[in-house]
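# Chain and residue survey
Spelled out, the chains give:
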Amino acid sequence: MSAATVAARETTAHTIATGKSRDRTPGSLIFLIALWLSLFFGIAVLTVLLVDTAIKGLPRMDGNLLTEYDSTLFPEKHGFRAGILGSIWLMLGTALFTVPLGIAAATYLEEFADNKKWYNRIIEINIQNLAAVPAIVYGILALGVMGLFGLADGLVIGGILALSLLTLPIIIITTREALRAVPSEIRQGSLALGATVWQTTWRNSLPSAVPGIATGTILGLSRAIGEAAPLVMVGIFVSVRFDPASLTDMASALPIQIYGLASNSQEAYQQAANAAIIVLLLMVLGLNALAIFIRNKFQRSW
Amino acid sequence: MPNPPATVTIRKGGDDDGHVGSLAQVHQEAERELPDLPPNPVMEAIDLNVFYGDFHAVHDVKLSFGKNEITALIGPSGCGKSTVLRCLNRMNDLVAGARVEGQVTYHGQDIYARGVDPIMVRTHIGMVFQKPNPFPKSIYDNIAYGPRVTGMKVDKMDDVVEEALRGAALWDEVKDKLKQSAYGLSGGQQQRLCIARTIATKPDVILMDEPCSALDPIATSRIEDLMLELREQYTIIIVTHNMQQAARVSDRTAFFTAKPDETTGNRTGLLVEYNLTNKLFSNPNDKRTEDYISGRFG
């Protein structure tokens, strides 16, 4: 009888005799409790934050909040129409700009680039680093570019530029991860049938990576929609009293409006700010839900 | 952990238990009268050397593959047999740092010559891999993939799909679920699907890289039957770790071994013996072949 068999039999005999599993020793229980506490801490903070915001903001969740512009005279009629529309403009513009660009860049790096070449290595390292750059730095960069073209502060295009710079590295990195998760056997199988690298990428790798790409893209966008810092840099306005209609219109954004109200000590404005946070959270949660839906719908296993 | 039990019995040398004799016996079904060397080889490897960077992977291989024959490449792990196989349809081009010296000819044309498009080479010389690798698409789209990407002139794709699936002895099992995902099939069915996918592009030669190593014995035997059927139309070259399998299906067998370099210790693969399967198993010319097939080494 081998040592392993002996050990297994002893364990079984011990469990039967005492009715206790070795998985329930004091040491392992303490460890388990520590794990639970860590989890509890994270969830507790989030819950307190959400509940607090909800209590303060819910009384102002009315039609005015969504349909009215901001008002300095009638706090109870203060609305976030400009901010919500501005955020939607920024998000759609960012998506249109970054999704094709990000996927194309990632596809080149993952499927076509020879990663032994020094210039491809430099590009790779830089993209990794870009994802860790503080958001406000992108704001400064976007501001510089806007100035270069002689464009004014606070335009939709400026916000889109800043948020795109912020989102692009995230989309590139997640798309590369998704492409890398496609087994190389699939590519080899395609190439062995006489397909070109381009056909293999277009017909096999990219379709297989769609769930990962979509999830990463949406998560990147939902991070961008909540950003205020880069938008402050490009001068997105706290208060705009018309709907943006083109890329060169002045615009506001929801996070900026919330930020603008935070310094206002009137109770009614604090309430409105909390209500706006709920709206922003709902937009972000909606995007995340979409990401989860896409991931589950197209999920496949190899 | 204290001493694990010895569950592996090492075979003694010699043929006391009739091991080698059984190899010759299982070969009988596949056996045919063939000349000593392929008279009109479809493919030939002439002084083939393969390098991965500085590493010399395969040394001076000379082989010729006869039309409508099955040639098995056998040998211990790391002897370069898969490398040689991948050179035959330029799949090694995809490995960074791989370099091929010497010639590989297909109907007399060097496929490594300047101006030869590896994509074209692969449409004539198909490949089946170790692990079944169907695409994450429907069974139908898996088969139609090759003809579509190569721009084959096709009258009716449905007929091409049916013909390929019949050719791979899979039609009756899947004809009612052509639009379903290929991942719903069993491992053996997936591998036959991969074979069907390969023959749909009407290749001349089919390379198989240990096609049964991920399959159970029943699925393996179906693939082996299929190979003997496909032999009538195609030239098949198969890498296998399983000597029984080489004996069961192949007409000719090439035995490779690995020789460590004296200074670096890197193991370079070389061809030891190439002969009719019957002769190689019953009466090997080389001591190393004899040692390997009788289980004294490898």
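Before reading on, note that the structure itself is shown above.
Given the structure is predicted, the values throughout are model-derived calculations rather than measurements.

## A short note on the overall build of chain B
- A tally of regular secondary structure across chain B gives 11 helices and 10 strands.
- Taken over C-alpha atoms, the radius of gyration comes to 20 Å for chain B, in line with the 19 Å a tight globule of 298 residues would show.
- If you line up chain B on its principal axes, its C-alpha atoms span 55 × 50 × 45 Å.
- The contacts in chain B between residues at least 6 apart in sequence include a share of 71% that link residues at least 24 apart.

## Here we look at the overall build of chain A
- Helix and strand counts for chain A come out as 12 helices and 0 strands.
- Taken from N to C terminus, the helices and strands of chain A fall in the order α-α-α-α-α-α-α-α-α-α-α-α.
- Relative to the compact-globule value of 19 Å for 302 residues, chain A shows a C-alpha radius of gyration of 26 Å, a clear excess of over 25%.
- Across its three principal axes, chain A shows a C-alpha extent of roughly 90 × 60 × 35 Å.
- Among the 302 residues that make up chain A, the fraction classed as buried is 39%.
- Partitioning the intrachain contacts of chain A with sequence separation of at least 6 by distance along the chain shows that 71% fall at a separation of at least 24.
- Just so you have it, chain A exposes about 16400 Å², and 70% of that area is on carbon and sulfur atoms.

## Quick look at the interface of chain B and chain A
- Each partner contributes to the interface: chain B provides 29 residues, whereas chain A provides 23 residues.
- Between chain B and chain A, a total of about 2000 Å² is buried, with carbon and sulfur atoms accounting for 62% of that surface.
- On the chain B side of the contact with chain A, B:Pro136, B:Tyr145 and B:Val149 bury the most area, a combined 25% of that side's loss.
- Viewed at the interface, chain A and chain B are joined by 0 salt bridges.
- On the surface where chain B and chain A come into contact, there are 6 residue pairs in polar contact (both at pLDDT 80 or more).
- Elements supplying a minimum of two residues to the side of chain B that touches chain A: α3 (118-124), β6 (125-128), α4 (139-150) and α7 (187-200) of chain B.
- Looking at side-chain class alone, the side of chain B that touches chain A contains 16 nonpolar, 7 polar and 6 charged residues.

## Observations regarding the packing of α7(B) against helix α8 (residues 217-230) of chain B
Residues and elements named next belong to chain B.
- For the pair α7 and α8, interaxial distance at closest approach is 9 Å and the crossing angle is 20°. Judged on the interaxial angle alone, α8 and α7 are roughly parallel. You can see that α7 and α8 cross each other, and the crossing is right-handed. Here α7 contributes Gly188, Gln191, Arg192, Ile195 and Ile199 to the contact with α8, which in turn contributes Ala219, Arg222, Ile223, Leu226 and Leu230.
- Grouping the constituent residues of the contact of α7 with α8 by class yields 6 nonpolar, 2 polar and 2 charged.

## Remarks on the pattern of salt bridges
Residue and element names in this part refer to chain A.
- Under the definition given, this model contains 27 salt bridges over all chains.
- Here Arg176 makes a salt bridge to Glu110, at a shortest N to O gap of 3.0 Å. Of this pair, Arg176 sits in helix α7 (residues 156-180) while Glu110 is found in helix α4 (residues 81-112), placing the two residues 66 residues apart along the sequence.
- The exposure class assigned to Glu110 is partly exposed, which follows from its relative accessible area of 22%.
- Salt bridges sharing common partners tie together Glu110, Glu124, Arg176, Glu177 and Arg180.

## So, the packing of aromatic side chains
- Applying the stated criterion to the full structure yields 5 aromatic pairs over all chains.
- Note on B:Phe135 and B:Tyr145: the rings are 4.5 Å apart at their centroids and 50° apart in plane angle, and the pair reads as tilted. Here B:Tyr145 lies in helix α4 and B:Phe135 lies in the loop between β6 and α4, a separation of 10 residues in the sequence. Summarising the burial analysis for this pair, B:Phe135 and B:Tyr145 share the class buried.
- Three or more aromatic residues joined by ring pairs make a cluster, and in this case those are A:Phe112, A:Trp198 and A:Trp202.
- Its guanidinium or amino end placed over the ring of B:Tyr140, B:Lys179 lies 4.0 Å from that ring's centre, counting from NZ or CZ.

## Focus: the sheet that holds strand β5 (residues 109-110) of chain B
Residue and element names in this part refer to chain B.
- Strand order in the open sheet formed by 10 strands is β5-β4-β1-β2-β10-β9-β3-β8-β7-β6, with mixed pairing between adjacent strands. The sheet terminates laterally at β5 and β6, the two strands that pair on one side only.
- Where strand β1 (residues 41-52) meets strand β4 (residues 98-106), 8 bridges bridge the pair, whose relative direction is antiparallel. Bridge assignment links Asn49 to a residue of β4, and that residue is Glu101.
- Across the sheet, α7 is in contact with β6 and β7 (205-209); its angle to β6 comes to roughly 170°.

## Observations concerning unusual backbone geometry
Residue and element names in this part refer to chain B.
- Backbone geometry at Asp60 places phi at a positive 40°, although glycine is not the residue there.
- Tracing the backbone through its elements, the reader meets Asp60 in strand β2 (residues 55-66).
- Its identity as a non-glycine residue notwithstanding, Arg90 has a phi of 60°, on the positive side.
- Look at Arg90 and you get buried, because its relative accessible area is 12%.

## Observations concerning the side chain of A:Asn204
- Positionally, A:Asn204 belongs in helix α9 (residues 197-225).
- Relative accessible area serves as the criterion here: at 1%, A:Asn204 is assigned to the buried category.
- A distance of 3.2 Å separates polar atoms of two side chains, one belonging to A:Asn204 and the other to B:Tyr145.
- For A:Asn204, the residues in contact, after removing those within four places along its chain, are A:Ile186, A:Ser190, A:Gln199, B:Phe135, B:Pro136, B:Lys137 and B:Tyr145.

Thresholds, definitions, all that
Residues numbered from 1 in each chain as written. Chains lettered and ligands numbered in written order. Predicted model: local features only at pLDDT ≥ 70, side-chain atom pairs only at ≥ 80, totals over all residues. Heavy atoms only, no water. Helix = DSSP H or I, 4+ residues; strand = E, 2+ residues; numbered from the N terminus. Rg over C-alpha atoms; globule rule 2.2 N^0.38 Å. Contact = heavy atoms within 4.5 Å. Buried < 20%, exposed > 50% of the residue type's maximum accessible area, 1.4 Å probe, protein only. Areas by Shrake-Rupley, 256 points an atom, 1.4 Å probe, with all protein chains shown as cover. Buried area = accessible area lost by both parts, 1.4 Å probe. Salt bridge = Lys/Arg side-chain N within 4 Å of Asp/Glu carboxyl O. Polar contact = N/O pair within 3.5 Å; in protein donor to acceptor, adjacent residues only side chain to side chain. Nonpolar A, V, L, I, M, F, W, Y, C, P; charged D, E, K, R; others polar. Axes fitted to C-alpha atoms, helices over the stretch in contact; angles between N-to-C directions. Parallel < 35°, antiparallel > 145°, perpendicular 65-115°, else oblique. Left-handed = near helix turned anticlockwise from the far one by under 90°. Phe/Tyr/Trp six-rings, centres within 6.5 Å; stacked < 30°, edge-to-face > 60°. Lys NZ or Arg CZ within 6 Å of the ring centre and 35° of its normal. Pairing = 2+ DSSP bridges.

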